[in-house]
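Survey of secondary and tertiary structure
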Amino acid sequence: MTDVPQQTLDDATAVLHSALAGDGEAVVGAFDKVVDRAGLAGAYGVAWCLAATMVGEVPASGGAALDFPGIDEAEYDTRWVARFVSAYANADADTGEALFGAAVADGLLPDCLLTLAGSTIATLRSRAG
């Protein structure tokens with residue numbers, strides 16, 4: 001990710017610190033603070049930053065195929081994270097924004113963001129170990 005505002009990076013760091021501590025309420029609280037300060041667009045920026053953290057460098061050739069076995073049977077938030085991360089990996093901000101909006105409309109954005117934060121921590125741990 002390039003040209004990310006420092007505030008977005010700081011917010012993403014706060015979310016990840018809370019997720020690393022296993023404090024789901026603090027993760028949701030960190031996102032709530034972002035929404036209070038910067039609206040849903042700010043929360044989207046933090047979520048996109050978390051997706052970038054999960055994916056790492058996207059090949060310049062564009063397009064990535066991600067394999068999520070059993071995704072169609074997964075819970076809403078898990079499917080959402082898989083699709084949101086896939087949108088990031090494919091540099092498809094329009095789909096990312098549509099998924100974000102759908103989660104808001106469905107009243108499930110907090111669950112999706114909590115799962116995204118947890119998945120990001122799990123990815124970072126798997127890379128480290």
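Residues numbered from 1 in each chain as written. Predicted model: local features only at pLDDT ≥ 70, side-chain atom pairs only at ≥ 80, totals over all residues. Heavy atoms only, no water.

Observations concerning the nonpolar core
Heads up, the rule is: We call a set of buried residues a nonpolar core when its members are Ala, Val, Leu, Ile, Met, Phe, Trp, Tyr or Cys and they connect through side-chain atoms within 4.5 Å of each other. Residue exposure (1.4 Å probe, protein chains only): buried if accessible area is under 20% of the type maximum, exposed if over 50%, otherwise partly exposed. Strands are runs of DSSP state E lasting at least two residues, helices are runs of H or I lasting at least four, and both sets are numbered from the N terminus onward. Should any heavy atoms of two residues lie within 4.5 Å, those residues are considered in contact.
By size, the foremost hydrophobic cluster in this structure holds 33 residues, and its most contacted members are V15, F31, L50, W80, F84, F100 and L116. Contributions of two or more residues to this core are made by helix 1 (6–20), helix 2 (24–55), helix 3 (76–89), helix 4 (93–105) and helix 5 (109–128). Among the elements that make up this core, the one with the highest residue count is helix 2 (14 residues). Non-local contacts of L116, meaning those with residues more than four positions away in its chain, are made with A47, L50, M54, W80, V81, F84 and V85.

A look at helix 1
A turn of α-helix holds 3.6 residues, and therefore any two residues three or four places apart point the same way. Selection criterion: One fewer than the residue count of a helix, multiplied by 1.5 Å, yields its expected span. It is the directions from the helix axis to the C-beta atoms that the arc portrays.
Under the 1.5 Å per step criterion, the end-to-end length of helix 1 is 21 Å for 15 residues, consistent within 8% with the ideal 21 Å. Among all positions in helix 1, only T8, D11, A12, V15, L16, S18 and A19 are buried. Considered in projection along helix 1, the buried side chains sweep an arc of 160 degrees and stay on one side of the axis. Those residues of helix 1 that are exposed and aimed more than 90 degrees away from the buried face are Q6 and H17. Of the surrounding secondary structure, the elements contacted by the buried residues of helix 1 are helix 2 and helix 5. Phi for G22, located one or two positions after helix 1, is positive at around 75 degrees.

Considerations on the environment of Q7
Counting through the fold element by element, Q7 comes out in helix 1. Between the C-alpha atoms of Q7 and A21, which are 14 residues apart in sequence, the distance is 21 Å.

Structural notes on helix 5
The first and last C-alpha atoms of helix 5 sit 29 Å apart over 20 residues, in line with the 28 Å expected at 1.5 Å per residue. Buried within helix 5 are the following residues: L109, C112, L113, T115, L116, A117, T120, I121 and T123.

Details of the packing of aromatic side chains
Basically, it comes down to this: Ring geometry is summarised as follows: Phe, Tyr and Trp rings, the Trp one being its six-membered ring, pair when their centres sit within 6.5 Å, and such pairs are stacked at plane angles under 30 degrees, edge-to-face over 60 and tilted between the two.
Within the structure shown, the criterion is met by six aromatic pairs. When the centroid spacing of 5.5 Å and the interplanar angle of 20 degrees are considered together, the rings of Y44 and W48 count as stacked. Remark: W48 and Y44 occur in helix 2; sequence separation between them is four residues, near one turn of the helix. Classification of Y44 as buried rests on a relative accessible area of 13%. A centroid spacing of 5.4 Å and a plane angle of 90 degrees characterise the contact between Y44 and F100, whose relative ring orientation is edge-to-face. Within this pair, whereas Y44 is found in helix 2, its partner F100 is found in helix 4, the two being separated by 56 residues in sequence.

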